[in-house]
Amino acid sequence: MEASLRALLNKLENEGKIITVEKPASVKFEIPSILKKLEPKPVIFEKIAEHPDFKLVGNLCADRSILAEAINTSPQELKTKIIQALENPGEKKIIEDPPCQEVVIDEPDLTRLPFIWTGLRDRAPYTTASIIIAYDKEYGYNASYHRLMLLDKNKVVPRIVPRHLYKYIERGCREVAITIGNHPAFMLAASITSRIEVDELSVASSLSEIRYARTLTNNLLVPAECEVVLEGYVTDEYVDEGPFLDILGTYDIVRKERVIEIRCITMRKNPIFQYILPAGYEHKNLMGLPREATIFYEVSRVCECLDVRLTPGSGGWLNAIVKIRKKNEEDGRKAIEAAFKGHESLKYVVVVDEDIDIDNPEEVEWAISTRTQLDRDLIIKPSEKGSSLDPSADQITRLTCKAGIDATIPTIIEKERFQKAIIPKVDVERFLKDV
Ligand SMILES: [Mn+2]
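Cut-offs and rules
Residues numbered from 1 in each chain as written. Predicted model: local features only at pLDDT ≥ 70, side-chain atom pairs only at ≥ 80, totals over all residues. Heavy atoms only, no water. Patch = residues over 30% accessible without salt bridge, like charges linked within 9 Å, V, L, I, M, F, W, Y side chains within 5 Å. Areas by Shrake-Rupley, 256 points an atom, 1.4 Å probe, with all protein chains shown as cover. Salt bridge = Lys/Arg side-chain N within 4 Å of Asp/Glu carboxyl O. Helix = DSSP H or I, 4+ residues; strand = E, 2+ residues; numbered from the N terminus. Buried < 20%, exposed > 50% of the residue type's maximum accessible area, 1.4 Å probe, protein only. Axes fitted to C-alpha atoms, helices over the stretch in contact; angles between N-to-C directions. Parallel < 35°, antiparallel > 145°, perpendicular 65-115°, else oblique. Left-handed = near helix turned anticlockwise from the far one by under 90°. Contact = heavy atoms within 4.5 Å.

Asks: Please explain a nonpolar patch on the surface as it appears in this structure.
Replies: Among the surface-exposed residues, Val-426, Val-428, Phe-431 and Leu-432 lie close enough to one another that they form a single nonpolar patch of about 440 Å² accessible area. Structurally, Phe-431 can be placed in helix 12 (residues 429-432). Under the relative-accessibility criterion, Phe-431 is labelled exposed at 56%.

Asks: Help me out: how do you make sense of the environment of Ser-74 in this one?
Replies: Locating Ser-74 in the fold gives a position in the loop between helix 3 (64-70) and helix 4 (78-87). Residue class for Ser-74 comes out partly exposed when judged on its relative accessible area of 24%.

Asks: So what exactly am I meant to see when it comes to the pattern of salt bridges here?
Replies: Here the idea is simple: oppositely charged side chains can pair when their charged atoms come close. Evaluation of the coordinates by the stated rule reveals 42 salt bridges. Across the pair Asp-252 and Arg-147 runs a salt bridge, and its minimum N-O distance is 3.1 Å. Placement of the pair is Asp-252 in strand 16 (residues 251-252) and Arg-147 in the loop between strand 8 (140-145) and strand 9 (148-152), with a sequence separation of 105 residues. Across this residue pair, the class does not change: Asp-252 and Arg-147 are buried. For the salt bridge of Arg-174 with Asp-236, the shortest nitrogen-to-oxygen distance reads 3.0 Å. Of the two residues, Arg-174 is situated in the loop between helix 5 (164-170) and strand 11 (175-180) and Asp-236 in strand 14 (residues 228-241); the sequence distance between them amounts to 62 residues. Residues participating in the shared-partner salt-bridge network are Arg-64, Lys-79, Glu-292, Asp-307, Arg-309 and Asp-359.

Asks: So what exactly am I meant to see when it comes to the packing of helix 6 (residues 184-191) against helix 7 (residues 200-207) here?
Replies: Helix packing geometry: the angle between the two helix axes and the distance between the axes. Contact pair helix 6 / helix 7: the axes reach a minimum separation of 8 Å and the direction vectors enclose 140 degrees. Considered as vectors, helix 6 and helix 7 are oriented oblique to each other. As helix 6 runs across helix 7, the sense of the crossing is right-handed. Along its contact with helix 6, which presents Ala-185, Phe-186, Leu-188 and Ala-189, the element helix 7 presents Glu-200, Leu-201, Val-203, Ala-204 and Leu-207.

What follows is the structure in structure tokens.
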């Protein structure tokens, strides 16, 4: 069966895994605030105060187990599934008369769509679950996430970092289709930055049964079962974009960005809009998971990598914990270098042994405190290219200082000294109950 957001929402509802908000919630701070409070549970807003024609879903992929279930895998296997999909892209099935074109609006009025006010200092209302699709004759299709600032009835302003879409536009690809309201397979595929010639639409088809259809005005492929499509083109007009609340929970700086003019909106009947809470778990999962996969891939080339986590405290973006099965003294250092290769924005990385739970910050700190001597185990890399989002770095040149800590047990010292002391377990209940 084909994979669509609607089918998934029905399934989650039947399984009691989604919270339904019946009372009208406002696009001004109320929807983000409710989503924040209810994380990581998916939430469906049945009524939006200002936009009675739309429902809205949020936190859809905030819980990794729901994301994994949506693409028929387990949370542990997500990284492998992503790598496999990149290596074996699926075939794009194309259909006629798709659900996403049940309603066609030739004179767009974007102010009627539920753009959201998230942070107090946001310049304008934004949509965050927007995926821009473009086509280049040589590179093929590209699909990537770009937040959109509402500018006018037919104008939005995307934030386009210098990655694939940026290059497509420089090469003259100006026609775009923006899709909102997607199945997690397409969401995940659009979150991956791999080689420029990788077709994210085919990657999505490999992750699940995503079908495609042609847009009405510019002949681009879009997910046939998505909720809303904005068809338009990228202009040479630049305006101030931001400030906007980003993944680190801070405000991204104001930049000049291109305006996109929308000439046609298509959607399903009774459309379900989608919103990704900035700096929320869903945002961190979507940005972080593909990078965990590439870090895992690179570290696996130099030693035995067991797991990788981009930590929630670093926005699921800047800092990583890498778990390895250490065999040689150099493995820890090699893993550090490989991790930086796997994720350009990575700032700090800690490498730990297999007995450490990488989802438990206290255990990671324990490994750092009991297993390292920083004159030996710290690698500092000044003046490297890092994240444009880090307020402590130069956000224009992206120059930053990176560091890695090898918190694995040194092979030259007897291992027993470093092992967790074990207190034998007893049945505590037996001592608490009155017998
Ligand atoms: Mn791409």
